[in-house]
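Given next are the chains, with one letter for each unit.
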Amino acid sequence: MAVSDGEATHRVDGDAHRVDLVWRDGREETVRARDDETVLEAAERADVGLPFGCRTGACGTCTGRLLAGDLDHARPPRALKERHRADGYVLLCVAEPHSSCRVEVGTAVHADLVDNPWK
């Protein structure tokens, strides 16, 4: 549902995409993301804490894994290798949902992509 006042059109939260955030410890939160905002922005607006660093897709701290739904990166996700993108990994600071989504989040997801030589 869109609300128009003059020439500007503003989206109403009821018209936003549902984004289910899932942590590996079993915790789940649901936020609503408008077309013009990233998953990270929607989570912050809902007071749901997610890890992040640069906000530009360069550091990878905000890595999540798309489990269901459709989203695109608003800018190049430089911190992800092509093979990671093919496996469903996304950068939440630049990922904009285009449908309802289910996304695995948390520091453990980012750790999947980073080799620890001390293991």
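What counts, and where the lines are drawn
- Residues numbered from 1 in each chain as written.
- Predicted model: local features only at pLDDT ≥ 70, side-chain atom pairs only at ≥ 80, totals over all residues.
- Heavy atoms only, no water.
- Salt bridge = Lys/Arg side-chain N within 4 Å of Asp/Glu carboxyl O.
- Helix = DSSP H or I, 4+ residues; strand = E, 2+ residues; numbered from the N terminus.
- Buried < 20%, exposed > 50% of the residue type's maximum accessible area, 1.4 Å probe, protein only.
- Disulfide = S-S within 2.5 Å.
- Contact = heavy atoms within 4.5 Å.

Next up on the list: the pattern of salt bridges. Across all of its chains, the model carries 10 salt bridges by this definition. A salt bridge links Asp112 to Arg24; its shortest N-O distance comes to 2.4 Å. Remark: Arg24 occurs in the loop between β3 (17-22) and β4 (28-33) and Asp112 occurs in helix α3 (residues 107-113); sequence separation between them is 88 residues. Assessed through its relative accessible area of 36%, Asp112 is described here as partly exposed. The partner of Glu28 in a salt bridge is Arg102, and the shortest N-O contact between them spans 3.0 Å. One end of the pair, Glu28, is in strand β4; the other, Arg102, is in strand β9 (residues 101-104), and 74 residues separate them in sequence. Within this structure, Arg34, Asp36, Glu37 and Arg45 form a network of salt bridges that share partners.

Inspection of the entire model under this criterion finds zero disulfides. Note on Cys54: no disulfide assigned, nearest cysteine sulfur contributed by Cys59 at a separation of 3.7 Å. Take Cys54: its relative accessible area is 31%, and that puts it in the partly exposed class. Looking at the unpaired Cys62, the closest cysteine sulfur is the one in Cys93, lying at 3.6 Å. Classification of Cys62 as buried rests on a relative accessible area of 4%.

Within the secondary structure, Gly49 is located in the loop between α1 (39-45) and β5 (63-68). The exposure class assigned to Gly49 is exposed, which follows from its relative accessible area of 54%. Taking the C-alpha atoms as reference points, Gly49 and Gly106, 57 residues apart in sequence, are found 9.3 Å from one another.

Looking at the element boundaries, Thr56 is found in the loop between α1 and β5. Taking the relative accessible area as the measure of exposure, Thr56 reaches 25% and is therefore partly exposed. Remark: the alpha-carbon pair of Thr56 and Val94, spanning 38 residues in sequence, is separated by 6.6 Å. Once you skip the residues sitting within four places of it in the chain, Thr56 turns out to touch Arg75, Pro76, Arg78, Cys93 and Val94.

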